[in-house]
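A structural walkthrough
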Amino acid sequence: MAELIIFDCYGTIVPAGDDPNFRYAVRQGFHRLLYHYEDDRKMAVFSDADKRTLDFCLLKVGLGRLDAYNEDHLTLERLKNLAVVCSDFEVEPSNSVFIGDNYADRDRLSAEQYGVNFIQIPQYRLTPISENDRKHYEKWLIHDDPRKPWSFEELIGSL
Ligand SMILES: [Mg+2]
């Protein structure tokens, strides 16, 4: 059981930042997942966006109450320093899980670097990815099936 759940933001909770149709939409099932876990788990968001952009985004989608880590907490290699989050919440990395779309393979590498469990989910977009980007990104991204978009409900009860 994960005592601490850390979420990536763009492509995970809200649409990927390069989605031409970007708007402040929360992925299906996310509010239900929060409702399910919020009382007995610790939770945070970690994005490589700058503080202003991230805080504004979370406020816009009604998630301003979540602790948020931003680009100020990246390593020199632009990995997410998940050790800081674990330390702030006083949870061992092995009892923590990071959930992300793995843009540029950074979510996986960040989790690996700090011994945090990792769950990769399909990238959330409102507009299908272009053919060019699909080829370019397929090394590390899982593409969502627009006919049956992935939902956070899949993780309810299993974290
Ligand atoms: Mg992302």
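An account of the accompanying structure is given in this report.

Basis of the calculations
- Residues numbered from 1 in each chain as written.
- Predicted model: local features only at pLDDT ≥ 70, side-chain atom pairs only at ≥ 80, totals over all residues.
- Helix = DSSP H or I, 4+ residues; strand = E, 2+ residues; numbered from the N terminus.
- Rg over C-alpha atoms; globule rule 2.2 N^0.38 Å.
- Buried ≥ 20, exposed ≤ 12 C-beta atoms within 10 Å, placed from the backbone.
- Contact = placed C-beta atoms within 7 Å.
- Core = buried A, V, L, I, M, F, W, Y, C linked by C-beta atoms within 7 Å.
- Arc of directions from axis to C-beta.
- Pairing = 2+ DSSP bridges.
- Right-handed = clockwise from strand over helix to strand, strands pointing away.
- Axes fitted to C-alpha atoms, helices over the stretch in contact; angles between N-to-C directions.

**Some remarks on the overall build of the protein chain**
Across its full length, the protein chain carries 5 helices and 5 strands. Mapped from its N terminus to its C terminus, the protein chain presents α and β elements in the order β-α-β-α-β-α-β-α-β-α. By the compact-globule yardstick of 15 Å for 159 residues, the protein chain fits well, its C-alpha radius of gyration being 15 Å. Here the C-alpha coordinates of the protein chain stretch approximately 45 × 35 × 30 Å along the principal axes. A burial count over the protein chain gives 33% of its 159 residues as buried. Counting contacts in the protein chain only where the partners sit at least 6 residues apart, residues at least 24 apart contribute 58% of the total.

**Overview of the environment of Arg-134**
Assignment of secondary structure puts Arg-134 in helix α5 (residues 131-137). According to the C-beta neighbour criterion, Arg-134 is exposed, with 12 such atoms within 10 Å. Remark: the alpha-carbon pair of Arg-134 and Gln-113, spanning 21 residues in sequence, is separated by 26 Å. Apart from the residues within four sequence positions on either side, Arg-134 is in contact with Ile-129 and His-143.

**Topic: the nonpolar core**
Judged by nonpolar contacts, the single largest core of 33 residues is most densely connected at Ile-6, Cys-9, Val-45 and Leu-82. The element best represented in this core is strand β1 (residues 4-7), accounting for 4 residues. If sequence neighbours within four positions are ignored, Cys-9 has contacts with Val-14, Val-45, Ser-47, Ala-49, Leu-54 and Cys-57.

**Describing helix α2 (residues 51-60)**
Those residues of α2 not exposed but buried are Leu-54, Cys-57 and Leu-58. Summarising the axial view, the buried residues of α2 lie within an arc of 95 degrees, below the 170-degree limit, and thus occupy one face. Where α2 is buried, its residues meet β2 (42-46) and β3 (67-69). Of the residues flanking the end of α2, it is Gly-62, one or two places downstream, whose phi is positive at about 80 degrees.

**Observations regarding the pairing of strand β5 (residues 117-120)**
Both strand β4 (residues 96-100) and β5 contribute to a ladder of 4 bridges, which runs parallel. Following the sheet pairing, Val-97 is matched in β5 by Asn-117. In this fold, the crossover linking β4 to β5 by way of helix α4 (residues 106-114) has right-handed handedness.

**Points about the pairing of β1**
The two faces of β1 match: Leu-4 and Ile-6 on one face and Ile-5 and Phe-7 on the other face are all buried. Pairing of β1 with β2, which is carried by 4 bridges, proceeds in the parallel orientation. Across the sheet, residue Phe-7 finds its bridge partner in β2, namely Val-45. Summarising the sheet, β1 and β4 pair through 4 bridges and their orientation is parallel. Residue pairing for β4: Phe-7 is matched across the bridge by Ile-99.

**Quick look at the sheet that holds β3**
The parallel open sheet is built from 5 strands, whose spatial order is β3-β2-β1-β4-β5. The open sheet has two free edges, formed respectively by β3 and β5, since each of these has just one partner strand. Here the average twist between neighbouring strands, direction ignored, is 25 degrees. Against the sheet, α4 makes contact with β4 and β5, and its axis sits at roughly 165 degrees relative to β5, the strand it touches most.

**A look at the environment of Phe-118**
You can see Phe-118 is positioned in strand β5. With 18 C-beta atoms packed within 10 Å, Phe-118 lands in the partly exposed category. Note: C-alpha distance between Phe-118 and Asn-102 (16 residues apart in sequence) is 9.8 Å. Setting aside anything within four residues of it in sequence, one finds Phe-118 in contact with Phe-98, Asp-107, Arg-108 and Ala-111.

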